[in-house]
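Each chain is listed here by its residues.
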Amino acid sequence: MSSSSSYPVTELLARWSNGDVSARDALVPLVYDELRRIARRCLAGQRSDHTLQPTALVHEAYLRLARRDSLDWRDRVHFFAMAAQMMRQILVDHARKHAAAKRGGNAVTLLLDEESAVSKQASFDLLALDDAMKQLASLDPRQSQIVELRFFGGLSSEETAQAVNISPATTKREWATARLWLYQAMSAGTEL
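Note that this is a predicted model, so its numbers are computed, not measured. Along each chain, residues carry numbers from 1 onward, in the same order as the chain's sequence is written. For a predicted model such as this one, the threshold for reporting local features is a pLDDT of at least 70, and the threshold for listing and counting side-chain atom pairs is 80 or more; totals across whole chains, interfaces and linings nevertheless cover every residue. Side-chain figures throughout are based on the complete set of non-hydrogen atoms in the structure, without hydrogens or water.

Draft legend 1. The arrangement of the overall build of the protein chain in detail. Each helix is a run of DSSP H or I of at least 4 residues and each strand a run of E of at least 2, with the numbering of both proceeding from the N terminus. Counting its secondary structure elements, the protein chain contains eight helices and two strands. For the protein chain, the succession of helices and strands along the chain, N to C, is α-α-α-α-β-β-α-α-α-α. Relative accessibility thresholds used throughout: buried, under 20% of the residue-type maximum; exposed, over 50%; partly exposed, between the two (1.4 Å probe, protein chains only). In the protein chain, which comprises 192 residues, the proportion classed as buried is 46%. The long-range fraction of contacts in the protein chain, counting pairs at least 24 apart against all pairs at least 6 apart in sequence, stands at 63%. Summed over its atoms, the accessible surface of the protein chain is roughly 9900 Å², and 49% of this surface lies on carbon and sulfur atoms. Two residues form a contact once any of their heavy atoms are found within 4.5 Å. Computed with the Shrake-Rupley method and a 1.4 Å probe, the accessible areas treat only the protein chains shown as cover for residues.

Have a look at this one:
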């Protein structure tokens, strides 16, 4: 995420937080490309016949964010972190509906790439990953948030540190620990 457009986005987010609907509408063209990048990242590794496409995922996430009653956007990093979280939840909801319709068949998988996860070759069931993320959140909410921001949001260590309000060095340590924990939890293949 480039910081060149940071100020107008942050200003618009502040105005939107204060109830200015025109600011919300003016925000869309400034953040759309970045939201599509996040959506593509969230959809990477999904099955090839997945019915959600990046554009639909962006639109659904944006609609859900726009419907929220109380919004207090701190800055653009916070906005993109929330958008990534919303996209992850949409994908999980979609996967749960798909699994329920198929009664467990054709599990949705998500590939965790080397940059953002443990192993380039590892493939994980999105629902199992979501369950592991919930367990991690109960053990260490900050580590769960870091995984969400880094993996689903595609934020850098520095951007994640800013969003979580910790140092980049702490972010890197927590990221490594969380990845290892998730790898072990997912590799066990048993109830977490």
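Still more to cover.
Draft legend 2. Representation of the packing of helix α2 (residues 21–43) against helix α6 (residues 141–152). Helix axes use the C-alpha atoms of the stretch in contact, all axes being lines fitted to C-alpha atoms, and the angles between their N-to-C directions lie in the range 0 to 180 degrees. Interaxial distance between α2 and α6 falls to 9 Å at its minimum, and their mutual angle equals 105 degrees. With respect to each other, α2 and α6 are oriented roughly perpendicular. Here I38, R41 and C42 of α2 come into contact with α6, specifically with R150, F151 and F152. Gly counts as polar in this scheme, as do all residues outside two lists: the nonpolar Ala, Val, Leu, Ile, Met, Phe, Trp, Tyr, Cys and Pro, and the charged Asp, Glu, Lys and Arg. The residue makeup of the contact of α2 with α6, split by class, is four nonpolar, no polar and two charged. For classification, angles of less than 35 degrees are called roughly parallel, those exceeding 145 degrees roughly antiparallel, those between 65 and 115 degrees roughly perpendicular, and all remaining angles oblique.

Draft legend 3. Quick look at the nonpolar core. The term nonpolar core refers to a set of buried residues drawn from Ala, Val, Leu, Ile, Met, Phe, Trp, Tyr and Cys, joined through side-chain atoms within 4.5 Å. L27, L35, L57, F79 and M87 are the most contacted members of the largest nonpolar core, which totals 52 residues. Listed by contribution, the elements that provide at least two residues to this core are α1 (6–17), α2, α3 (54–67), α4 (76–102), α5 (126–139), α6, α7 (157–164) and α8 (168–188). The biggest single contributor to this core is α4, with 13 residues. Every residue in contact with M87, bar those within four places of it in the chain, is listed here: L35, I38, A39, C42, L57, V58 and A61.

Draft legend 4. Layout of the side chain of R41. Along the chain, R41 falls in helix α2. By relative accessible area, which is 19% here, R41 ends up buried. A 3.5 Å cut-off defines polar contacts: any pair of N or O atoms within that distance qualifies, except that in protein one atom must be a possible hydrogen donor and the other a possible acceptor, and neighbouring residues in sequence count only when both atoms are side-chain atoms. Within the local environment of R41, its side chain forms a polar contact with the backbone oxygen of F151, the two atoms lying 2.8 Å apart.

Draft legend 5. Fine view of the pattern of salt bridges. Within this document, salt bridges are pairs made up of a side-chain nitrogen of Lys or Arg and a carboxyl oxygen of Asp or Glu, the two lying within 4 Å of each other. Throughout the structure, instances matching the rule amount to 11 salt bridges. Here D93 makes a salt bridge to R64, at a shortest N to O gap of 3.5 Å. Linking D93 in helix α4 with R64 in helix α3, this pair joins segments that are 29 residues apart in sequence. Residue class for D93 comes out partly exposed when judged on its relative accessible area of 25%. Residue D130 pairs with K134 through a salt bridge whose shortest N-O separation is 3.3 Å. Residue D130 and its partner K134 are located together in helix α5, separated by four residues, close to a single helical turn. For D130, a relative accessible area of 3% corresponds to the buried category. K134 gets classed as partly exposed once you look at its relative accessible area, which sits at 47%. A single network of salt bridges, built from pairs that share partners, joins R88, R96, D130, D131, K134 and E148.

Draft legend 6. Fine view of the packing of α5 against α6. As a packed pair, α5 and α6 sit with axes 5 Å apart at the nearest point and diverge in direction by 140 degrees. Overall, the two elements α5 and α6 adopt an arrangement that is oblique. Of the residues in α6, those touching α5 at L126, L129, M133, L136, A137 and L139 are P141, Q143, S144, V147, E148 and F152. Across the contact of α5 with α6, the residue classes break down as nine nonpolar, two polar and one charged.

Draft legend 7. Representation of unusual backbone geometry. Backbone geometry at N165 places phi at a positive 65 degrees, although glycine is not the residue there. Note that N165 resides in the loop between α7 and α8.

Draft legend 8. Expanded view of α2. The axis of α2 is deflected most strongly, by about 55 degrees, at V31. When we look at burial in α2, the residues that qualify are A23, L27, V31, E34, L35, I38, A39, R41, C42 and L43. At any given residue, the bend is defined as the angle formed between two axes, one fitted to the seven residues that end at that position and one fitted to the seven that begin there.

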